[in-house]
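Given next are the chains, with one letter for each unit.
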Amino acid sequence: MSTTTTADSKKNGNTISMIQAMTPPGLAAAAAAAALAEEGGSEDHAATVALISYLRSEAAAADAKAKSLRQQAQQLAQTFGITQEAQRRYEIVPQDLPPLDDQGVPKYKGKKRGRKPKPRKRKAPSRRRQHTGYTFFMQEKYPIQKADHPNLANKEIIAIVARQWK
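From a predicted model like this one, the values you see are computed outputs, not experimental measurements. (Residues numbered from 1 in each chain as written. Predicted model: local features only at pLDDT ≥ 70, side-chain atom pairs only at ≥ 80, totals over all residues. Heavy atoms only, no water.)

1. Points about the overall build of the chain
So the rule is basically this: Counting from the N terminus, the helices are the DSSP runs of H or I reaching at least four residues and the strands are the DSSP runs of E reaching at least two. Accessibility here uses a 1.4 Å probe with only protein chains present; expressed as a share of the type maximum, an area under 20% marks a residue as buried, one over 50% as exposed, and anything in between as partly exposed. In this analysis, two residues are considered to be in contact whenever any of their non-hydrogen atoms come within 4.5 Å of each other. Only the protein chains shown count as covering a residue, and every accessible area follows the Shrake-Rupley method with a 1.4 Å probe.
Looking only at helices and strands, the chain features six helices and zero strands. Order of helices (α) and strands (β) in the chain, N terminus to C terminus: α-α-α-α-α-α. Buried residues in the chain amount to 12% of all 166 residues. A separation threshold of at least 6 residues defines the contact pool for the chain, and within that pool the share at least 24 residues apart is 33%. Of the roughly 15,100 Å² of accessible surface on the chain, 55% is carried by carbon and sulfur atoms.

2. Here's the deal with the packing of aromatic side chains
Here is the rule we go by: Two rings from Phe, Tyr or Trp (for Trp, the six-membered ring) form a pair when their centres sit within 6.5 Å of each other. Planes less than 30 degrees apart are called stacked, planes more than 60 degrees apart edge-to-face, and all others tilted.
Across all of its chains, the model carries two aromatic pairs by this definition. For the pair tyrosine 134 and tryptophan 165, a centre-to-centre distance of 5.5 Å together with 75° between the ring planes defines the contact as edge-to-face. Remark: tryptophan 165 occurs in helix α6 (residues 154-165) and tyrosine 134 occurs in helix α5 (residues 133-148); sequence separation between them is 31 residues. Judged by relative accessible area, tryptophan 165 falls into the partly exposed class, the value being 44%. Taking 5.1 Å as the distance between ring centres and 50° as the angle between the ring planes, the aromatic pair formed by phenylalanine 137 and tryptophan 165 counts as tilted. In this pair, phenylalanine 137 is assigned in helix α5 and tryptophan 165 in helix α6, connecting sequence segments 28 residues apart.

Take a look at the structure:
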């Protein structure tokens, strides 16, 4: 008799569904059934065994592919007369490569590929001209006229002060 709680069965069910999602459909089901029948263990244990088996076979396939690629690179180097010195000089260091996402596409953080925008040209700050007598006169008289004529528009007040300047 099983003494698992609903929380345990939910966890086991989630684990099994996660493992089955990660493995090809036929392999996960066959390996889980074989392991379950063979060991008399739980379904969760059988799915874990199937996943480990699948991952080991994928690792072996990746090693075989890497070996094949190294042989092809060596044949190309011999065909085109590339020396070991040149190969070492242009060797790609895995730490310098960007990390890959789930589909094997490089993830770029911050740096975007493509054309860089041109830097904006900024004008050098120009020196301010010295105040003239007229500007000093306007700064002195404008507030007085504004207080005397609060209903007038700024343009009309400036015209009054300009007439006083003449």
